[in-house]
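A structural walkthrough
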Amino acid sequence: MAIKVLFPQFSILLFARFSAFIVAILVVIWAFHFKTSFIPHSPSQEQLIFAVLHPLLMVIGFILISGEAILVHKWLPGSRNLKKLVHLSLQAVALVCGVFGIWTKFEGQDGIIGNFYSLHSWMGLICVSMFGAQWLFGFLSFWHKGEGRTTRLRVLPWHVFLGLYTYGLAVVTAETGLLEKLTFLQTKGNVPKRSPESNIVNGLGLGLALLSSVVILAAVSTKQQTTSKSKIILCSESKNLYQ
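Note that this is a predicted model, so its numbers are computed, not measured.

1. Some remarks on helix H3 (residues 45-75)
- Look at H3: 42 Å from first C-alpha to last across 31 residues, which is about the 45 Å you get at 1.5 Å a residue.
- Remark: the principal bend of H3, roughly 30°, maps to Leu 57.
- Within H3, 22 of the 31 residues are buried, which leaves it mostly tucked inside the rest of the structure.

This is the structure:
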């Protein structure tokens, strides 16, 4: 309840949307205005398109949409089944963007082996794989009518934990990618340390960190509110039994 008092629901959602908007603007500017930095000496226009699509799909398609899916339970009116359907659909879109984003990187100039060498690439594959398993896990546990209510209640804490962990891992993976790319460009002398592109990339990293904190705060505050209401109901029922 303390989280809800300090950060009202409307303020959390507004701040999350504002952070997501800033992140989207920064990654679009970086991808299109500084597109030659992705492949300084691109042999073909196709290779350049693949290189530019990777950050767009992974940041906007994967991180922003999956974050919006987490926030669905905060703002969407209607039944629980409607919220679960929208949540599942948005997560499916994010998963497709994540898989296609990795595919565009592997379709690049160096191929699969040439791109699978850094911590960023390893974390990216692990993150998308966990995300896909989490989506399937959520579908079977919460949407499949054959599961009992007791089973779904037992699985719910693990579903929430793994969902937030995977989302946080996606943000950390993006941060390592930004650091890797900017360090590579600065080492090669393609981008000065004090330049507009460096500022945009650093701002994008800060924006992602801020966005992830707001999304996780929203999820935690929802959990806190639900837990508090459950405790109140249980206490009321206990009092009624002893009267």
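2. Section: the pattern of salt bridges
- Counted by the stated rule, this structure contains one salt bridge.
- Ionic pairing is found between Arg 17 and Glu 68, a salt bridge with its closest N-O pair at 2.8 Å. Pair noted here: Arg 17 is in helix H2 (residues 9-33) and Glu 68 is in helix H3, with a separation of 51 residues, a long-range link.

3. Brief notes about H2
- Relative to the 36 Å expected for 25 residues at 1.5 Å per residue, H2 spans 36 Å between its end C-alpha atoms, a close match to the ideal helical length.
- Those residues of H2 that fall on the buried side of the exposure criterion are Ile 12, Leu 13, Ala 16, Ser 19, Val 23, Ala 24, Leu 26, Val 27, Trp 30 and Ala 31.

4. Quick look at the UniProt feature "transmembrane region" (unreviewed entry) in the chain
- Mapped onto the present numbering, the UniProt feature "transmembrane region" (unreviewed entry) falls at residues 12-32, 52-73, 85-103, 123-143, 155-179 and 199-220.
- With 100% helix and 0% strand, residues 12-32 has its two end C-alpha atoms placed 30 Å apart.
- Note that residues 199-220 is 100% helix and 0% strand, and that its end C-alpha atoms are spaced 32 Å apart.

5. Some remarks on the nonpolar core
- Membership of the largest hydrophobic core comes to 48 residues, with the highest contact counts inside it found for Trp 30, Phe 62, Ile 63, Tyr 167, Leu 204 and Leu 208.
- Counting residues per element, the ones that place at least two in this core are H2, H3, helix H4 (80-106), helix H6 (119-143), helix H7 (149-188) and helix H8 (196-242).
- Per element, the largest residue contribution to this core is 11 residues, and it comes from H3.
- Here Leu 204 is in contact with Val 23, Leu 26, Val 27, Trp 30 and Leu 178, once residues within four sequence places are set aside.

6. Focus: the side chain of Gln 91
- Tracing the backbone through its elements, the reader meets Gln 91 in helix H4.
- Among the residues examined, Gln 91 registers a relative accessible area of 12% and is labelled buried.
- Residues within four places of Gln 91 in sequence aside, it is in contact with Ser 66, Ala 69, Phe 131 and Trp 135.

7. Considerations on the side chain of Gln 134
- Along the polypeptide, Gln 134 turns up in helix H6.
- Polar side-chain contacts of Gln 134 include one of 2.7 Å to the backbone oxygen of His 159.

8. Overview of a nonpolar patch on the surface
- A cluster of nonpolar residues, Phe 15, Phe 18, Phe 21, Ile 22, Ile 25, Ile 29 and Leu 210, forms a patch on the protein surface that exposes about 610 Å² of accessible area.
- Considering every element that reaches the nonpolar patch, the biggest residue donor is H2, with six residues.
- Relative to the helices and strands, Phe 15 resides in helix H2.

9. Details of the packing of H2 against H3
- At a minimum axis separation of 10 Å, H2 and H3 run at an interaxial angle of 170°. Taken together, the axes of H2 and H3 lie roughly antiparallel to each other. Between H2 and H3, the contacting residues are Gln 9, Leu 13, Ala 16, Arg 17, Ala 20, Val 23, Ala 24, Val 27, Val 28, Trp 30, Ala 31 and Phe 32 on the first element and Val 52, Pro 55, Leu 56, Val 59, Ile 60, Leu 64, Glu 68, Leu 71, Lys 74 and Trp 75 on the second.
- Of the residues in the contact of H2 with H3, the class split is 18 nonpolar, one polar and three charged.

How each quantity is defined
- Residue numbers here run from 1 along each chain, matching the order of that chain's written sequence.
- Note on the predicted model: pLDDT of at least 70 is required for a residue's local features to be given, and 80 or more for side-chain atom pairs to be given and counted; whole-chain, interface and lining totals, by contrast, use all residues.
- The side-chain figures draw on all heavy atoms in the structure; neither hydrogens nor water molecules are used.
- A run of DSSP states H or I qualifies as a helix once it reaches four residues; a run of E qualifies as a strand once it reaches two. Both are numbered from the N-terminal end.
- To estimate how far a helix should extend, the number of its residues minus one is multiplied by 1.5 Å.
- At every residue, the bend is computed as the angle between two fitted axes, covering the seven residues ending there and the seven beginning there respectively.
- Each residue gets one of three labels from its accessible area relative to the maximum for its type: buried under 20%, exposed over 50%, partly exposed in between, using a 1.4 Å probe on protein chains only.
- Basic side-chain nitrogens of Lys or Arg form a salt bridge, by our definition, when they fall within 4 Å of a carboxyl oxygen of Asp or Glu.
- UniProt positions are given in the numbering used here, feature names are shortened, and annotations may be inferred rather than shown by experiment.
- Grouping buried Ala, Val, Leu, Ile, Met, Phe, Trp, Tyr and Cys residues that are joined through side-chain atoms within 4.5 Å yields what is termed a nonpolar core.
- Contacts between residues were defined by any pair of non-hydrogen atoms, one from each residue, lying within 4.5 Å.
- Polar contacts, as counted here, are pairs of nitrogen or oxygen atoms within 3.5 Å of one another; within protein the pair requires one atom able to donate a hydrogen and one able to accept it, and residues that are adjacent in sequence qualify only if both atoms are side-chain atoms.
- The patches reported here contain residues having more than 30% relative accessible area and no salt bridge. Joining distances are 9 Å for like charges and 5 Å for nonpolar side chains (Val, Leu, Ile, Met, Phe, Trp, Tyr).
- The Shrake-Rupley method, run with a 1.4 Å probe, gives the accessible areas here. Residue values count only the displayed protein chains as cover.
- The axes are straight lines fitted to the C-alpha atoms, using for helices just the contacting stretch, and the angles between their N-to-C directions are given from 0 to 180°.
- Roughly parallel refers to an angle under 35 degrees, roughly antiparallel to one over 145, roughly perpendicular to one between 65 and 115, and oblique to any angle outside these ranges.
- Residues were grouped as follows: Ala, Val, Leu, Ile, Met, Phe, Trp, Tyr, Cys and Pro as nonpolar; Asp, Glu, Lys and Arg as charged; and all remaining residues, including Gly, as polar.

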